[in-house]
Amino acid sequence: MKYFVANWKTYKSLSEAETWIDSFIGKIRADQQLLDRLNRDEVKIIVCPPFPLLYPLKKKITEKNLLLGAQNISHFDEGPYTGEVSGKNLQGIADYVIVGHSERRRYFGESDEILTKKINLSLKYGLQPIFCLDNANQPIPNEVKIIAYEPTKAIGTGDNEPVENVLSFKKSLDFKSTAIFLYGGSVNENNARDYLSQPEINGFLISTASLDALSFYNIVSLV
Ligand code: PGA
């Protein structure tokens, strides 16, 4: 199984998001080989738009293994926390949630303790966390099943981490070998094949190259 996770960050209006999903679904429907792979559980595509765009996208998606993820979850459960989005709010809308992205750690001060709360609340509400880390010293909560290695210097810079370094990072992790291991950081249609050919790398977390439906489709269709 290969995973292709699109992280839109705070990009896109409602109409841009709808145009993206229409054109992406159009590409998938015209690609019988990819449809077969989705149907055989060989490929999973997870689109993570900003919160308000989750539901409008959900209404348009019918394909198996084309799924939605949130980019964040509150570390509080439902309650008097104005402006937060709880796991319960996301239930039935998203299937996955990105936790521990370096931008959350850096700009929003998310500590290991907060991230552990987020993991627990994700699981409580049936959301599968995609746990990001940019170095091997960051603790990985035990319950995590999907890890995304995203070295900060590779994010949005065009300076993707060489495949050998990604593989040796994975080896250095003191974590269960059954976890799904993704790479993120300047993945694009020109470099994706190098990672995809490695059985040890189970897919990608992609931002910049996911913002354009055709570029993202071009990466997914390399599988
Ligand atoms: P990038 O970002 O694909 O633009 O490098 C990856 C990420 O931040 O998840």
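Just above sits the structure.
Since this is a predicted model, take the numbers as computed values, not measurements. (Residues numbered from 1 in each chain as written. Predicted model: local features only at pLDDT ≥ 70, side-chain atom pairs only at ≥ 80, totals over all residues. Heavy atoms only, no water.)

Enquirer: Could you give an account of the site of the ligand, naming the residues involved and the relevant values?
Expert: As a structural note, the neighbourhood of the ligand is formed by 13 residues, with Lys9, Glu150, Gly156, Ser186 and Thr208 the closest of them. A distance of 2.8 Å is found between an oxygen atom of the ligand and a side-chain nitrogen or oxygen belonging to glutamate 150. A total of 280 Å² of accessible area belongs to the ligand in isolation, and the protein chains cover 99% of it. Its residues assigned to classes, the shell around the ligand comprises 4 nonpolar, 7 polar and 2 charged. (Near = heavy atom within 4 Å. Polar contact = N/O pair within 3.5 Å; in protein donor to acceptor, adjacent residues only side chain to side chain. Areas by Shrake-Rupley, 256 points an atom, 1.4 Å probe, with all protein chains shown as cover. Nonpolar A, V, L, I, M, F, W, Y, C, P; charged D, E, K, R; others polar.)

Enquirer: Before we move on, can you summarise the packing of aromatic side chains with the specific residues and values?
Expert: Any two aromatic rings considered together are summarised by their centre-to-centre distance and by the angle between their planes. Following the criterion strictly, the structure yields 9 aromatic pairs and no others. Between phenylalanine 24 and phenylalanine 216 the ring centres are 5.4 Å apart and the planes differ by 35°, which places this aromatic pair in the tilted class. Taken together, the residues span a long stretch of sequence, with phenylalanine 24 in helix α1 (residues 14-29) and phenylalanine 216 in helix α9 (residues 213-220) at a distance of 192 residues. Its relative accessible area of 0% is what places phenylalanine 24 among the buried residues. Looking at phenylalanine 216, the relative accessible area reads 0%, which means it is buried. In this arrangement the basic side chain of arginine 104 is found over the ring face of phenylalanine 108, its NZ or CZ atom lying 3.9 Å from the centre. (Phe/Tyr/Trp six-rings, centres within 6.5 Å; stacked < 30°, edge-to-face > 60°. Helix = DSSP H or I, 4+ residues; strand = E, 2+ residues; numbered from the N terminus. Buried < 20%, exposed > 50% of the residue type's maximum accessible area, 1.4 Å probe, protein only. Lys NZ or Arg CZ within 6 Å of the ring centre and 35° of its normal.)

Enquirer: Before we move on, can you summarise α9 with the specific residues and values?
Expert: Every α-helix winds through 3.6 residues per turn, so residues three or four apart in the chain are directed the same way. Within α9, 6 of the 8 residues are buried, which leaves the element mostly enclosed by the surrounding structure. In the core, the buried residues of α9 are packed alongside β1 (2-7), α1, α2 (32-39), β2 (43-48), α8 (192-196) and β8 (203-206). (Contact = heavy atoms within 4.5 Å.)

Enquirer: If you had to explain the packing of α1 against helix α3 (residues 51-58) to someone new, which residues and values would you point to?
Expert: The relative placement of two packed helices comes down to the angle between their axes together with the axis-to-axis distance. Two elements in contact, α1 and α3, have axes whose closest approach is 10 Å; the angle formed by their N-to-C orientations is 40°. Regarding the angle of α1 to α3, the classification is oblique. Where α1 crosses over α3, the two elements pack in a sense that is right-handed. Between α1, through Leu14, Ala17, Glu18 and Ile21, and α3, the contact on the second element is made entirely by Leu53, Pro56 and Leu57. Its residues placed into classes, the contact of α1 with α3 shows 6 nonpolar, no polar and 1 charged. (Axes fitted to C-alpha atoms, helices over the stretch in contact; angles between N-to-C directions. Parallel < 35°, antiparallel > 145°, perpendicular 65-115°, else oblique. Left-handed = near helix turned anticlockwise from the far one by under 90°.)

Enquirer: Tell me what's going on with the environment of tyrosine 3, and back it up with residues and numbers.
Expert: Inspection of the secondary structure assignment puts tyrosine 3 in strand β1. Overall, the relative accessible area of 8% leaves tyrosine 3 in the buried class. Setting aside its immediate chain neighbours within four residues, tyrosine 3 contacts Lys44, Ile46, Tyr96, Ile146, Ile180, Leu182, Asn202, Gly203 and Phe204.

Enquirer: Tell me about the nonpolar core, and please be specific about residues and values.
Expert: The biggest cluster of nonpolar side chains holds 61 residues, and the ones touching the most others in it are Phe24, Ile45, Ile147, Tyr183, Phe204 and Phe216. It is α1 that contributes the most residues to this core, 6 residues altogether. Filtering out sequence-adjacent residues up to four positions away, tyrosine 183 remains in contact with Tyr149, Pro151, Ala154, Asn160, Glu161, Val166, Tyr195, Ile201, Gly203, Phe204 and Leu205. If you look at the next biggest cluster of nonpolar residues, it comprises 14 residues, including Tyr3, Val5, Ile130 and Cys132. (Core = buried A, V, L, I, M, F, W, Y, C linked by side-chain atoms within 4.5 Å.)

Enquirer: If you had to explain the side chain of asparagine 7 to someone new, which residues and values would you point to?
Expert: Mapped onto the elements, asparagine 7 comes out in strand β1. In this structure asparagine 7 touches Cys48, Gln71, Ile98, His101, Leu205, Ile206, Ser207 and Ser210, once residues within four positions along its chain are discounted.

Enquirer: Report on the pairing of strand β6 (residues 146-149), specifying residues and quantitative values.
Expert: Burial along β6 is two-sided: the face carrying Ile146 and Ala148 and the face carrying Ile147 and Tyr149 are both buried. For strand β5 (residues 128-133) and β6, the ladder comprises 4 bridges, and the chain directions are parallel. Its bridge partner being in β6, phenylalanine 131 is matched across the sheet by isoleucine 147. Pairing of β6 with strand β7 (residues 180-184) involves 4 bridges; the strand directions are parallel. By the bridge assignment, alanine 148 is partnered in β7 with leucine 182. Each parallel crossover has a hand, and for β6 linked through helix α7 (residues 163-172) to β7 it is right-handed. (Pairing = 2+ DSSP bridges. Right-handed = clockwise from strand over helix to strand, strands pointing away.)

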